[in-house]
Amino acid sequence: MKRMNKVLALALAAVMTASALAGCGGAASSSTPAASSGSTSTGAKGQVYYLNFKPEQADQWTALAKKYTEQTGVPVNVVTAASGTYEQTLKSEIAKTEAPTLFQVNGPVGLASWKDYCYDLSGTDVYKELKSDDFALKDGNAVYGIAYVIETYGIIYNKTLLEKAGYTAADITNFASLKKVADDIQARKAELGIKGAFASAGMDSSSDWRFKTHLANLPIYYEYQKDGIGDTEAIKGTYLDNYKNIWDLYITDSTCEPSLLSSKTGDDALSEFVLGEAVFYQNGTWAYGDIQKADTLKDDEIGMLPIYIGAEGEENQGLCTGSENYWCVNKNAKPEDIQATLDFMKWCVTSEEGKTALSSEMGFVCPFKGFTGEFLPSNPLIAAADQYIADGKTSVLWCFTTMPSEEWKNGVGNALLEYAQGTGDWSAVTKAFVDGWATEKKA
């Protein structure tokens with residue numbers, strides 16, 4: 001794990017130079033067709049059906065697909081699954097006669113479910129464009145998935161409000177100092193003119209992924225580090241007390257009472273942050289676009305801190321960086337559709353139009369060779385990620401891609417909510433985390 005961490009950090013340093021990341025979770029979106037699947041006058045063969053995971057980039061993918069069809073005559077249809085429904089949508093669509101030719105998995109666990117549908121990308125042009133094999137899902141020499149965006153998350157903070165309270169990011173280097181600062185801000189919220197230290201930890205479907213997946217990554221990461229592993233059939237829960245520490249902080253030093261969390265949304269948390277009602281907001285670099293749209297905070301007013309949980313040595317921890325967005329090509333598609341899909345993928349990562357759309361319009365940091373210079377979009381949150389790497393901090397791996405299933409996440413999320421509301425205790429969270437893991441991994 002230590003070697004993997006070093007390799008990832010070096011690769012990321014090459015990929016992310018004053019650049020921007022985008023997109024996890026996101027607001028709900030209905031299926032979105034992108035381009036006509038009708039015939040064209042160019043005589044082009046094959047067609048592409050892309051089942052997109054990212055609702056927040058649905059419109060941009062629609063526009064890019066249309067542009068490709070106009071240039072090549074190849075029909076490209078983009079359908080975007082609503083937030084939190086991708087796996088369900090993929091299962092439904094893959095069974096149809098006109099199944100997706102291009103789809104996504106979230107990492108090794110997702111690949112295990114869909115490997116039998118995956119075309120070997122090892123000899124393709126798009127694979128050759130990758131900067132490192134760290135961004136490929138491999139089984140032996142076969143390449144079944146290619147990451148197309150690298151992302152980072154942590155605790156986004158309002159520099160102006162933090163300084164108004166008498167602190168800077170340099171004062172927060174571990175959980176103890178984070179708690180000290182947050183507790184003080186919460187106690188002085190009326191004086192500071194805010195509603196709470198942290199934006200609401202909403203547990204509806206538009207927000208709960210931040211805690212049942214992204215926050216839950218931290219205790220998994222530290223257990224993997226301690227045991228020198230990269231996956232396990234039976235999680236021990238070694239750092240679940242630390243998970244409780246950070247969750248308690250989120251729900252007590254907050255803009256709302258814990259009893260209201262079931263109805264709080266991702267939009268609520270965003271609104272509280274951009275309106276200056278909260279100092280801290282757990283989310284990722286993909287949130288920059290929404291923060292920017294609000295036009296209430298300047299770029300130099302926002303930064304991002306690591307999520308500290310009280311683990312030993314966390315002073316040397318950086319931000320959580322990785323990918324859960326791997327392109328896979330449906331090997332059961334018609335040969336001409338497979339080739340059309342491979343051509344579309346190559347165009348997306350090599351053409352000026354594709355690179356501009358992915359970097360500037362979608363805000364992605366892409367791990368492909370051509371994404372340098374003008375194709376590294378500006379984002380103050382990724383600048384923070386770059387700085388942690390430059391300072392020698394160790395990036396936290398995205399171990400949540402090894403979580404056994406969506407059912408496991410839901411079990412943990414439900415237990416977290418019950419605990420927050422006072423209708424359950426922490427032992428239920430532990431049971432859902434540990435026992436649920438073993439059950440779902442076996443399944």
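Not measured: the values here are computed from a predicted model. (Residues numbered from 1 in each chain as written. Predicted model: local features only at pLDDT ≥ 70, side-chain atom pairs only at ≥ 80, totals over all residues. Heavy atoms only, no water.)

Visitor: Explanation requested: the overall build of the protein in the structure shown.
Guide: Secondary structure summary: the protein contains 18 helices and 12 strands in total. Relative to the 2.2 N^0.38 estimate, which gives 22 Å for 443 residues, the radius of gyration of the protein is 21 Å and therefore close to what a compact globule would have. Here the analysis covers contacts within the protein between residues at least 6 apart in sequence; of these, 79% occur between residues at least 24 apart. Summed over its atoms, the accessible surface of the protein is roughly 17,600 Å², and 48% of this surface lies on carbon and sulfur atoms. (Helix = DSSP H or I, 4+ residues; strand = E, 2+ residues; numbered from the N terminus. Rg over C-alpha atoms; globule rule 2.2 N^0.38 Å. Contact = heavy atoms within 4.5 Å. Areas by Shrake-Rupley, 256 points an atom, 1.4 Å probe, with all protein chains shown as cover.)

Visitor: Even after reading the chapter, I still don't get the layout of surface pockets, so can you show me in this structure?
Guide: To find leftover empty space, one rolls a probe the size of a water molecule over the atoms. Taken as a whole, the largest pocket holds about 1,000 Å³ of empty space. What lines the largest pocket is a set of 34 residues, among which Gly84, Glu87, Asn106, Glu406 and Lys409 lie closest to the centre. Among the elements of the structure, α3 (86-94), β3 (102-105), α4 (108-114), α9 (209-215) and α17 (406-421) are those that each provide at least two residues to the lining of the largest pocket. Counting residues per element, the lining of the largest pocket draws most heavily on α4, which supplies five residues. When its residues are assigned to classes, the lining of the largest pocket shows 12 nonpolar, 14 polar and eight charged. (1 Å grid on protein atoms, 1.4 Å probe; cavity = no way out; pocket = protein on both sides within 12 Å on 5 of 7 lines; lining within 4 Å. Points joined across faces, edges and corners; volume = space filled by probe spheres on them. Nonpolar A, V, L, I, M, F, W, Y, C, P; charged D, E, K, R; others polar.)

Visitor: Could you clarify how one ought to interpret helix α16 (residues 380-390) in this entry?
Guide: Note on helix geometry: an α-helix contains 3.6 residues per turn, so any two residues three or four positions apart are oriented the same way. Across the 11 residues that make up α16, a large majority, eight, are buried. Three or more residues of α16 are buried, namely Pro380, Leu381, Ile382, Ala384, Ala385, Asp386, Tyr388 and Ile389. Among the residues of α16, the N-terminal cap falls to Asn379, whose side-chain oxygen and the backbone nitrogen of Leu381 are separated by 2.7 Å. Backbone geometry just after α16 places Gly392 at a positive phi near 85°. (Buried < 20%, exposed > 50% of the residue type's maximum accessible area, 1.4 Å probe, protein only. Polar contact = N/O pair within 3.5 Å; in protein donor to acceptor, adjacent residues only side chain to side chain.)

Visitor: I tried to follow the side chain of Thr69 on my own but got confused; where do I start?
Guide: As for its position among the elements, Thr69 is in helix α2 (residues 58-72). Note on Thr69: relative accessible area 16%, which makes it buried. A polar side-chain atom of Thr69 sits 2.9 Å from the main-chain carbonyl oxygen of Val74.

Visitor: What am I meant to see in the side chain of Asn325 here?
Guide: Within the secondary structure, Asn325 sits in the loop between β10 (317-322) and β11 (326-329). In this structure Asn325 comes out as buried when scored by relative accessible area, which is 0%. One polar contact links Asn325 to Gln104, side chain to side chain, over a distance of 3.2 Å.

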